[in-house]
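Per-entry structural report
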Amino acid sequence: MNIGFIAHDTKKKLMQNFCIAYRGILVKHNLYATGTTGRLIEEAANLPVHKFLAGHLGGEQQLCAQLENNQMDLVIFLRDPLTAKSHEPNVDNAIRLCDMHNIPLASNVATAELLIKALDRGDMDFREMYRQ
């Protein structure tokens with residue numbers, strides 16, 4: 001499965017800790033992330049990540065292009081609804097594209113944990129049907 005990661009600045013450490021905690025599951029999948037988030041995941045969890053540009057330099061649009069082409073199976077976008085900066089990725093486009101293509105999207109760590117555990121159980125196999 002292809003998993004996309006995006007994190008607002010205040011959530012990057014949480015994303016690193018999440019990836020460390022679920023490294024055993026994540027290592028079995030293809031990981032994609034905006035530039036800085038991807039680098040931090042690689043460094044913290046020792047996982048291979050395909051890195052797009054930094055979010056504010058177009059990385060969010062690159063990841064959304066993958067969503068638009070139905071090439072992601074799961075997205076974890078840890079966002080800060082209270083202190084998001086103007087240079088940080090906007091969640092609206094990712095949500096819209098995930099909804100259009102039935103791609104599960106977590107916007108907080110509680111939902112991300114549920115989706116990763118479901119992925120490990122095989123509950124996300126329905127995505128194979130949507131990609132065809």
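Residues numbered from 1 in each chain as written. Predicted model: local features only at pLDDT ≥ 70, side-chain atom pairs only at ≥ 80, totals over all residues. Heavy atoms only, no water.

Some thoughts on the overall build of the protein chain
The condition that has to hold: A helix here means a DSSP run of H or I that spans at least four residues, while a strand means a run of E at least two residues long, and both kinds are numbered starting from the N terminus. Values of the radius of gyration come from C-alpha atoms, whereas the globule rule sets the reference at 2.2 Å times the count of residues to the power 0.38. Three exposure classes are used, based on accessible area relative to the maximum for each residue type with a 1.4 Å probe and protein chains only: buried under 20%, partly exposed in between, and exposed over 50%. Residue-level accessible areas treat just the shown protein chains as cover; the underlying method is Shrake-Rupley with a 1.4 Å probe. In this count, Lys and Arg are taken as positive residues and Asp and Glu as negative ones, while His and the chain termini are left out. By convention, the charge on Lys lies at NZ, on Arg at CZ, on Asp at CG and on Glu at CD.
Looking only at helices and strands, the protein chain has seven helices and five strands in total. Since a compact globule built from 132 residues should have a radius of gyration of about 14 Å, the 13 Å found for the protein chain is in line with a globular shape. A burial count over the protein chain gives 48% of its 132 residues as buried. Carbon and sulfur atoms make up 50% of the accessible area of the protein chain, which totals about 6600 Å². Between the mean site of the 14 positive side-chain charges and the mean site of the 15 negative ones, the protein chain shows a separation of 4 Å.

Concerning the packing of aromatic side chains
This is how the line gets drawn: Between 30 and 60 degrees the pair is tilted, below 30 it is stacked and above 60 it is edge-to-face, where a pair is any two Phe, Tyr or Trp rings, Trp via its six-membered ring, whose centres lie within 6.5 Å.
With the rule as written, the count across this model stands at two aromatic pairs. For the ring pair Tyr-32 and Phe-52, a centre distance of 6.1 Å and an interplane angle of 20° mean the geometry is stacked. Residue Tyr-32 is located in strand β2 (residues 30–33), and its partner Phe-52 is located in the loop between β3 (50–51) and α4 (59–68); the two are separated by 20 residues in the primary sequence.

Considering helix α6 (residues 109–121)
Cut-off, in case you're wondering: A helix's residues, less one, multiplied by 1.5 Å, set its expected span. To obtain the arc, one takes the directions from the helix axis to the C-beta atoms. Whether two residues are in contact is decided by their heavy atoms: any pair within 4.5 Å suffices. Whenever a nitrogen or oxygen atom comes within 3.5 Å of another N or O atom, the pair is scored as a polar contact, on the condition that within protein one atom can donate a hydrogen and the other can accept it, and that pairs from neighbouring residues in sequence are kept only if both atoms are in side chains.
An ideal rise of 1.5 Å per residue puts 18 Å on 13 residues; α6 measures up with 18 Å between its terminal C-alpha atoms. All of the buried residues along α6 are Ala-112, Leu-115, Ile-116, Ala-118 and Leu-119. In a view along the axis of α6, the buried residues occupy a sector of 160°, so they form one face of it. Exposed residues lying more than 90 degrees from the buried face of α6 are Leu-114 and Arg-121. On its buried face, α6 sits against β1 (2–7), α1 (12–21), α2 (23–26), β4 (74–78) and β5 (105–106). Sitting at the amino-terminal end of α6 is Asn-108, which places a side-chain oxygen 3.2 Å from the backbone nitrogen of Ala-110. Backbone geometry just after α6 places Gly-122 at a positive phi near 95°.

Considerations on the sheet that holds β2
Threshold: Whether two strands pair depends on DSSP finding at least two bridges between them. To get an axis, a line is fitted to the C-alpha atoms, and for a helix only the part in contact is used. The angle between two axes follows their N-to-C directions and goes from 0 to 180 degrees.
What the five strands build is an open sheet, ordered β3-β2-β1-β4-β5; its pairing is parallel. The sheet is open, and its two borders are formed by β3 and β5, each paired with just one other strand. Across two bridges, β2 lies against β3 in parallel orientation. What sits directly across from Tyr-32, in β3, is His-50. Each of β1 and β4 is contacted by α1, which is oriented at about 150° to β1, the strand it contacts most.

A short note on the pairing of β1
Counting buried positions along β1 gives six out of six residues, so the element sits mostly inside the fold. Of the two faces of β1, the one carrying Asn-2, Gly-4 and Ile-6 and the one carrying Ile-3, Phe-5 and Ala-7 are both buried.

Brief notes about the pattern of salt bridges
The test is simple: Criterion for a salt bridge: a side-chain nitrogen of Lys or Arg within 4 Å of a carboxyl oxygen of Asp or Glu.
Using the criterion set out here, one finds six salt bridges in the structure. Its salt-bridge partner being Lys-12, residue Asp-9 comes within 4.0 Å of it at the nearest N-O pair. Take Lys-12: its relative accessible area is 13%, and that puts it in the buried class. For the salt bridge of Asp-123 with Arg-121, the shortest nitrogen-to-oxygen distance reads 2.6 Å. Using a relative accessible area of 40% as the deciding quantity, one classes Asp-123 as partly exposed.

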